[in-house]
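In case you want the letters, here they are:
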Amino acid sequence: RLKVYFKRCAGFSSKIDSLEDWIELMAVTGIVHGTTLSYTRLIADVDVLRWRDIQSSTWKVPDVNLHLKLLGTISGMDEHRHVMSSSTDMVGEKYDSRLQHVLEYYEEKADDLKEAYMKNIMEDWDEFNNYGWILSDFCPSGFDGKQLTVTTYV
């Protein structure tokens with residue numbers, strides 16, 4: 001049905017042949033989207049923001065406004081509010097038991113990978129202190145006040 005739907009979309013040519021292809025595409029797209037949080041953190045960094053007017057010794061109103069607008073993105077994490085979560089807190093209803101099992105299984109695998117990754121990047125403190133703002137995207141949710149968006153497009 002998905003393939004038929006795509007064929008009916010005017011001006012849209014798709015090589016997506018199955019629901020599995022669609023989910024994989026959305027998951028990858030979501031990971032790319034999820035890492036934009038780090039770009040926002042980079043722009044909000046004082047040393048980077050300073051380049052808007054490198055000669056000035058004071059902050060101007062547009063600089064402060066930009067920084068304040070970015071804060072919503074930087075601190076916009078909600079626990080259990082991401083797609084493909086086994087939590088039903090946001091849904092309010094229980095999932096079908098088979099779907100619940102699949103979500104819990106893969107969520108546990110993903111959490112284990114995130115924990116192992118976090119341990120690994122924290123072994124080199126110099127590198128972590130210099131690049132932790134981007135390296136920590138793939139750490140467990142909430143590690144430094146953010147979470148990786150698995151996908152918001154499904």
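Being a predicted model, the structure only gives us computed values, none of them experimental.

Turning to the overall build of the protein, a few remarks are in order. Of regular secondary structure, the protein possesses seven helices and zero strands. In the protein, which comprises 154 residues, the proportion classed as buried is 23%. Counting only contacts in the protein whose residues sit at least 6 apart along the sequence, the fraction spanning at least 24 positions is 51%. For the protein, the exposed area adds up to about 11,400 Å²; of that, 56% sits on carbon and sulfur atoms.

Turning our attention to the pattern of salt bridges. Taken as a whole, this structure holds three salt bridges when the rule is applied. A salt bridge links Lys60 to Asp53, with the nearest nitrogen and oxygen atoms 2.8 Å apart. One salt bridge in this structure joins Asp96 and Arg98, with 3.2 Å as the shortest N-O distance. For Arg98, a relative accessible area of 65% corresponds to the exposed category.

This part is about helix α6 (residues 97–121). Every α-helix winds through 3.6 residues per turn, so residues three or four apart in the chain are directed the same way. Taking 1.5 Å per residue, 25 residues should reach 36 Å; α6 reaches 36 Å between its end C-alpha atoms and fits that length. Listing the buried residues of α6 in full gives Gln100, Leu103, Lys114, Met118 and Ile121. Its side-chain oxygen placed 2.9 Å from the backbone nitrogen of Arg98, Asp96 serves as the N-cap of α6.

Within the element layout of this structure, Ser136 appears in the segment after α7 (125–135). The buried category is assigned to Ser136, whose relative accessible area is 2%.

To continue, consider the nonpolar core. Grouped together as the largest cluster of nonpolar side chains are five residues: Met118, Ile121, Phe128, Leu135 and Cys139. Contact partners of Phe128, with chain neighbours within four places excluded, come to Ile121, Met122 and Phe143.

A full pass over the atoms with the stated rule returns two aromatic pairs. Where Tyr105 meets Tyr106, the ring centres are 4.8 Å apart and the plane angle is 90°; that geometry is what we call edge-to-face.

Our next topic: the side chain of Gln100. Tracing the chain through its elements places Gln100 in helix α6. The buried category is assigned to Gln100, whose relative accessible area is 15%. Within the structure, Gln100 has its side chain in polar contact with the side chain of Glu104 (distance 2.8 Å). When sequence neighbours within four positions are dropped, the list of residues in contact with Gln100 reads Ser86, Thr88 and Tyr95.

Within the secondary structure layout, Lys114 lies in helix α6. Comment: no salt bridge for buried Lys114; closest opposite-charge side chain is Asp111, at 4.5 Å. Residue contacts for Lys114: discarding those within four places in its chain leaves Phe138, Cys139, Pro140 and Ser141.

A contiguous patch of negative charge on the surface is contributed by Glu104, Glu108, Asp111, Asp112 and Glu115. With respect to the helices and strands, Asp112 occurs in helix α6. Residue Asp112 is classed as partly exposed on the basis of its relative accessible area, which comes to 48%.

The rules behind each value
Residues numbered from 1 in each chain as written. Predicted model: local features only at pLDDT ≥ 70, side-chain atom pairs only at ≥ 80, totals over all residues. Heavy atoms only, no water. Helix = DSSP H or I, 4+ residues; strand = E, 2+ residues; numbered from the N terminus. Buried < 20%, exposed > 50% of the residue type's maximum accessible area, 1.4 Å probe, protein only. Contact = heavy atoms within 4.5 Å. Areas by Shrake-Rupley, 256 points an atom, 1.4 Å probe, with all protein chains shown as cover. Salt bridge = Lys/Arg side-chain N within 4 Å of Asp/Glu carboxyl O. Expected span 1.5 Å × (residues − 1). Polar contact = N/O pair within 3.5 Å; in protein donor to acceptor, adjacent residues only side chain to side chain. Core = buried A, V, L, I, M, F, W, Y, C linked by side-chain atoms within 4.5 Å. Phe/Tyr/Trp six-rings, centres within 6.5 Å; stacked < 30°, edge-to-face > 60°. Lys, Arg positive; Asp, Glu negative; His and termini not counted. Patch = residues over 30% accessible without salt bridge, like charges linked within 9 Å, V, L, I, M, F, W, Y side chains within 5 Å. Charge placed at Lys NZ, Arg CZ, Asp CG, Glu CD.

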